[in-house]
Every structure is written in structure tokens, then in C-alpha cells.
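# Fold and geometry: a report
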Amino acid sequence: MLASLTNVTKRYVRTEGLRDITLEFPAGEVVGVLGLNGSGKSTLLKVLAGLLFPSEGTATVFGGAPRRNRARVVYLGETDALWTWMTPQDALRFMTGLYADFDAARFQELLDNLEVPQRKTKAMSKGERGRLRLAMALARDARLYLLDEPLAGIDLLSREKILTSIVKEWHTDETILLSTHEVAEAEALFERVVFLRQGYLALDKRAEELRSEGRSVVDTFREVLS
Amino acid sequence: MTEEKHWELDMNAGPIFVQIGDNVRQMLARGDLKQGDKLPSARELAAMLGVNPNTVVHAYGELERMEVIETKRGRGTFVRTDAPVTQMRRELLRNAACGFAEEVRRLGVDPREALGVLEEVWDVGQPD
Amino acid sequence: MSSLSRFRTLLWLEARRSWVWAVGLIGSLLFWAWGMNQVRFVDPGEQLGVRAVILLVACGIGAMILCLMIGRIRSETRHGQYQVLLLTPPSGYLHTLARFSFAGVVAIVYYIIIGGLAWWAIAQAGLRLDAGSAAQLMLVCPLYGVVLGILPALAWTLLLMVFISSYRISGPGWVPGTVMILATPFLVSWIAEGIWRISYRLPSWRLFAGLRAAIDTAAWEAELEGFEGVFALPQEPLWVMLALSIVVLVVAGRIWQEVEA
């Protein structure tokens with residue numbers, strides 16, 4: 001088991017929260033974490049990343065505390081950002097100097113595939129920034145990837161590039177948790193889908209199973225979350 | 001080799017691995033794919049279609065079981081030279097015919113009239 | 001990957017983040033130097049006095065700017081870079097040490113240059129210092145002052161900022177921060193009193209011993225009548241402040257490590 005949540009509840013003053021969530025994530029899965037805004041998707045990923053601590057219950061990653069194992073986990077947040085003066089070259093220096101599992105050659109390849117310009121991030125569009133951050137994330141050779149809304153606010157063409165890159169970079173012993181609103185676009189990528197509604201676990205099923213019952217993931221999304 | 005335009009996936013039309021298998025057999029039946037042709041690797045096809053590589057692996061596994069394709073170690077996945085193309089073509093045709101027949105029945109039209117319409121459409125549809 | 005290599009990367013990051021502040025600060029010394037140069041009185045004593053005041057102002061403003069430079073964690077929290085840093089492999093201790101080290105080096109350079117300006121002003125007033133006293137003025141005094149006052153202030157600012165940023169999300173993060181800010185003057189006076197009481201037990205460092213012998217202007221003889229020409233710097237304050245700085249840094253590093261973002 002690469003990651004697990006056992007009876008995790010996260011209490012907040014603000015919107016999101018998790019209510020008594022129990023989930024297990026073995027190696028080799030691509031999991032879609034789906035739900036509306038405020039359903040707890042981001043919170044779930046942040047708890048597994050070690051950015052937030054459960055109010056109740058335990059979260060484990062690689063058998064230990066998430067924050068302690070952060071060197072082996074790739075977290076791509078929705079709201080985290082890079083310094084405005086950073087160029088892809090600076091990002092390379094940053095990652096190479098701090099992460100032992102960072103593959104510089106792969107990073108360069110991803111930058112080319114995703115067409116990230118060699119400019120400061122303040123001179124980049126939102127899509128270009130998103131692609132740079134994704135390149136930084138996918139160039140790391142880890143076993144657990146937590147991608148929080150990697151497609152949010154990104155133009156259509158960039159989104160396609162991002163999804164293709166994710167497919168290309170994934171290896172069969174790695175687990176990716178991907179939360180997104182763009183369910184239709186990403187649905188074919190998911191082997192398993194986990195639906196969250198207002199902090200509760202609403203559904204946890206294999207995508208192909210849903211489809212053999214005649215429903216697409218998008219249909220299920222509407223059903224489960226309305 | 002197989003290009004993206006030959007593949008059709010519909011998220012509402014049942015499991016993807018089944019659809020991929022259907023697509024391969026369709027391409028074979030229509031001649032877009034020939035016996036002995038090399039298929040893209042599971043990962044390549046997955047990237048092209050934007051689907052999970054395991055799904056393609058599942059699909060290829062099924063096709064292998066149905067003896068349509070075979071994997072040659074170190075060289076890739078190929079359509080079998082003895083793949084039952086004629087059989088697949090007939091199957092596809094039958095499916096299309098069933099659809100037509102169903103429509104004819106629903107409309108309550110005489111079968112001979114229906115055949116006449118078919119001939120009409122066939123002549124019109126022929127390329128010059 | 002060694003801690004050293006990670007530390008170097010964090011230092012690099014700090015330098016890239018803050019170089020404008022550092023260059024601006026050191027560059028501002030040109031302004032102070034120009035200002036001092038504009039001061040021209042007939043009486044060298046008065047001239048030196050005014051120039052000394054200018055240098056004191058430069059010292060104070062420098063301290064404030066250094067604290068502002070090291071304290072920019074708040075904006076990083078708002079824009080998400082703090083989150084990025086929190087998930088990097090290096091420990092919170094290494095992060096705080098990198099920030100502190102950069103600011104510390106900039107501070108040392110700044111105050112040594114001020115020491116140099118002080119030497120110039122004194123020379124202009126007709127007082128020639130012997131080599132020993134000059135070195136003490138330009139190296140020992142600035143370093144003493146930096147360790148005594150600036151490094152603790154930097155450590156304290158860092159702690160304050162990490163504290164505020166870390167408790168941001170659990171509601172009123174500004175409460176502990178405000179408490180810390182309000183408590184600072186009390187803490188400073190309490191520490192100062194304590195240090196004063198224990199000072200001069202250990203042997204102190206004698207400065208400017210060669211000053212009297214080096215004076216060659218009659219104008220100054222009267223001024224310095226009865227002046228031994230020796231300042232005695234106690235060593236206790238230095239060790240206490242150094243120890244306090246280290247403790248504060250460790251606490252800041254620990255908070256960084258243990259708190260949500």
C-alpha cells in the first residue's frame with residue numbers, strides 16, 4: 001500500500017473538510033479524485049502530501065507520516081506557485097539541488113513537449129506556468145504523484161498536452177492521484193474513480209466497471225453529486 | 001500505421017478495452033489494418049488516445065486471446081497473418097445488415113422494397 | 001544528496017530572492033557617505049558629531065531594512081511559495097539557517113563598511129588612528145555590534161514571521177504574532193538588564209589602546225584630557241546574544257517543520 005487514509009476527518013474554520021474517510025491506494029493505479037468545489041478533493045491530497053494534518057484518524061504514505069516521507073512524494077498543488085523571477089533554468093537549478101530523484105534530461109524533454117518558453121514566470125501565461133510546474137513534477141522519478149487540479153484554468157490545447165504527458169510518463173509501479181473538474185477530458189485516464197461529496201466518500205469504483213454498467217464517469221459524476 | 005482518425009472511443013458506449021478491440025477488428029475488416037501489420041505499443045496507443053495504458057494492455061490481451069494479434073518478444077505487437085479478416089468483415093456486415101433489417105421491420109416496409117432502396121443508395125454511393 | 005548541497009541551493013534561492021534588497025542596502029551607503037561629505041563645519045568636533053549622528057541613523061535604518069528583507073515570508077505564504085518550500089526535502093532548520101546566513105552576511109558587509117565610513121570621518125576630523133585601533137574600529141566594533149544586536153533581531157524577525165505564517169490557517173494567526181511584537185520591548189529591556197548585571201565578570205576586550213599615542217593634533221588634546229583612550233568591551237553580552245540567536249533559530253526551524261500550510 002503506497003498511501004492510505006484511515007477514518008480521517010479534517011475540521012476547518014473554512015469551506016473544505018473530510019469526514020471519516022477510509023481509502024487505500026496500492027501501487028500502479030491512476031485514480032481520479034472527483035467532486036465539486038468544497039467537496040474535500042484538495043484537502044485529501046494535501047493530507048496525503050503532508051501539508052495538512054488530520055483532526056482525527058491517520059494518514060500514511062509509504063508506511064509513515066506523510067510530511068516525513070515528502071522526499072518520495074510529488075505534490076502539485078493548485079495554489080502553490082513559483083517565484084516570479086524564476087525561469088525554467090532556475091527551476092532546474094532549484095529542483096536538481098533539492099531533489100535527488102529529479103531527472104534533468106526528462107525535465108528538458110517535458111519542457112520541449114509542453115512547449116514551455118524560456119522566460120520568467122511573470123512573463124508567462126497561466127497555461128505556460130501550469131505546464132512548467134507540471135514538467136517539474138513529472139520529471140521527478142517518484143512512486144506517488146498527487147496532482148491537484150493540474151488542468152484548472154488552462155487552455156484546451158495545453159490540457160491535451162498535459163494529459164498526454166501524464167500518460168507517457170506514468171510507469172506501472174507508480175500511483176497517480178489526480179483531482180480535476182474536467183472529468184470528461186480526463187476520464188479515460190482513470191482506472192479507478194473516487195467521488196467525494198461534502199467531505200464524505202460517495203463512491204469508489206473501477207472506471208471500466210462503471211462503463212460496463214452503461215454509464216460513463218461523467219454520467220456517474222452527475223448522478224452521484226447532484 | 002494506424003492513425004488517430006481511425007480510432008473511435010465513446011465514454012458512454014461501455015468499457016474502453018472492449019471498444020479498442022472493436023476498433024482493431026473494424027480496421028482489419030475495412031482494410032485500414034492488414035495482416036502482419038505492426039500495432040503501436042500499449043503505451044504509444046494509450047498516449048495517442050489519451051487512455052490509461054492498462055486499458056490498452058487489457059484490450060490487447062483480449063485480442064490476443066481471440067487470436068487476432070500476437071506479441072513477438074522484443075519486436076512488438078503484430079496482427080496475426082492468419083487473423084480471420086474475412087470472418088470479421090462478414091460479422092461487421094451482418095451487424096450493419098441487422099441494423100438495416102431492424103429499421104425495415106420498424107417501418108413496416110416490404111423486404112423487397114427495402115432491397116430496392118438498398119440498390120438505389122448503392123448506385124448513388126458509388127465513387128466515379 | 002548531502003545537506004551541504006541542499007544548503008547551497010537554499011542559499012542560492014535566498015540570494016536570488018533578496019539580491020535587490022541586499023544591493024539596495026549596500027548601495028544606500030553611497031547616499032550616507034555623500035551626506036556625510038556634505039557636512040562641513042568649521043569646528044571639527046561639531047562636524048564629527050553630526051557625521052556620527054548620520055552614521056547612527058544609517059545603522060538604525062540598516063537594521064530595519066535587514067529585518068524587512070528576512071521577514072518576507074508573509075508574501076510567500078500568500079502566493080504559495082511557502083507551500084512549495086515546506087514540501088522540499090531539507091529540514092526546517094536548514095531553511096531557516098539559509099535565510100539567516102544570507103541576511104547575516106549582508107549585515108556584516110554593511111556594518112563593516114559603516115565602520116570604514118566612521119574611520120574616514122574620524123580621519124577627516126584630524127584624528128589619525130594607529131593600525132590597531134583602525135582595525136578595531138572597522139572590524140571588531142561592527143562584528144560585535146552585529147552579533148550583539150543585528151543577528152538576534154534577524155533571528156527574532158524570522159521566528160515571528162514563521163510563527164505568523166504557520167498559524168495563518170487556523171484562524172487568528174495574528175494573535176500570537178501581535179503578542180510577540182508587543183512583548184519585544186519588554187523582552188529586550190529584561191535581557192539587557194540581565195546582561196548588564198553579569199557583564200564584566202569575565203575579562204573584557206580592550207579597544208583603542210593605541211589611540212592616545214597616535215593623536216597628533218593639538219585641537220584634540222583638550223577634548224581627550226583624562227580620556228584613557230581605552231574602551232572595554234565585555235564579552236558576556238556577546239555570548240548571551242549568540243546563544244539566544246541560536247535558540248531562536250532552532251525554535252523557528254522547529255515551527256517550520258511541524259506546522260500546517
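What this report covers is the structure whose coordinates are included nearby. These numbers were taken from a predicted model, which means no experiment stands behind them.

### Notes on the interface of chain B and chain A
Each partner contributes residues to the interface: chain B has 15 residues there, and chain A has 19 residues. Contributing elements (two or more residues each) for the side of chain B that touches chain A: helix H1 (16–30), helix H2 (42–49) and helix H3 (53–65) of chain B. Per-element accounting of the side of chain B that touches chain A gives the leading share, 3 residues, to H3 of chain B.

### Some points on the interface of chain A and chain C
Of the residues lining the interface, 23 residues belong to chain A; the matching set on chain C comes to 22 residues. Ranked by residues supplied to the side of chain A that touches chain C, first place goes to helix H2 (residues 88–98) of chain A with 5 residues. Classifying every residue of the side of chain A that touches chain C by side-chain character gives 15 nonpolar, 4 polar and 4 charged.

### Considerations on H3 of chain B
With 13 residues, H3 of chain B ought to run about 18 Å at 1.5 Å a step, and its terminal C-alpha atoms sit 18 Å apart, in line with that. Within the sequence span of H3 of chain B, burial applies to Pro53, Thr55, Val56, His58, Ala59, Tyr60 and Leu63 of chain B. The secondary structure elements touched by the buried residues of H3 of chain B are helix H5 (156–169) and helix H7 (207–212) of chain A together with H1, H2, strand E2 (69–72) and strand E3 (76–79) of chain B. Phi turns positive one or two residues past the end of H3 of chain B, at Glu67 of chain B, with a value near 60°.

### Looking at the environment of Val33 of chain A
All names here are of chain A. When you line up the elements, Val33 lands in strand E3 (residues 30–35). Sequence separation between Val33 and Leu196 is 163 residues; the distance between their C-alpha atoms is 7.4 Å. Setting aside chain neighbours within four positions, we find Val33 in contact with Lys41, Leu44, Leu45, Leu177, Leu178, Ser179, Val194 and Leu196.

### Considering the sheet that holds E2 of chain B
Residues and elements named next belong to chain B. Reading across the sheet, the 3 strands line up as E1-E3-E2 and stay open at both edges, with antiparallel pairing between neighbours. Lying at the two open borders of the sheet, with one neighbouring strand each, are strand E1 (38–39) and E2. Sitting on the sheet, H3 is in contact with E2 and E3, with an inclination near 110° to E2.

Procedures and definitions
- Residues numbered from 1 in each chain as written.
- Chains lettered and ligands numbered in written order.
- Predicted model: local features only at pLDDT ≥ 70, side-chain atom pairs only at ≥ 80, totals over all residues.
- Contact = placed C-beta atoms within 7 Å.
- Helix = DSSP H or I, 4+ residues; strand = E, 2+ residues; numbered from the N terminus.
- Nonpolar A, V, L, I, M, F, W, Y, C, P; charged D, E, K, R; others polar.
- Expected span 1.5 Å × (residues − 1).
- Buried ≥ 20, exposed ≤ 12 C-beta atoms within 10 Å, placed from the backbone.
- Pairing = 2+ DSSP bridges.
- Axes fitted to C-alpha atoms, helices over the stretch in contact; angles between N-to-C directions.

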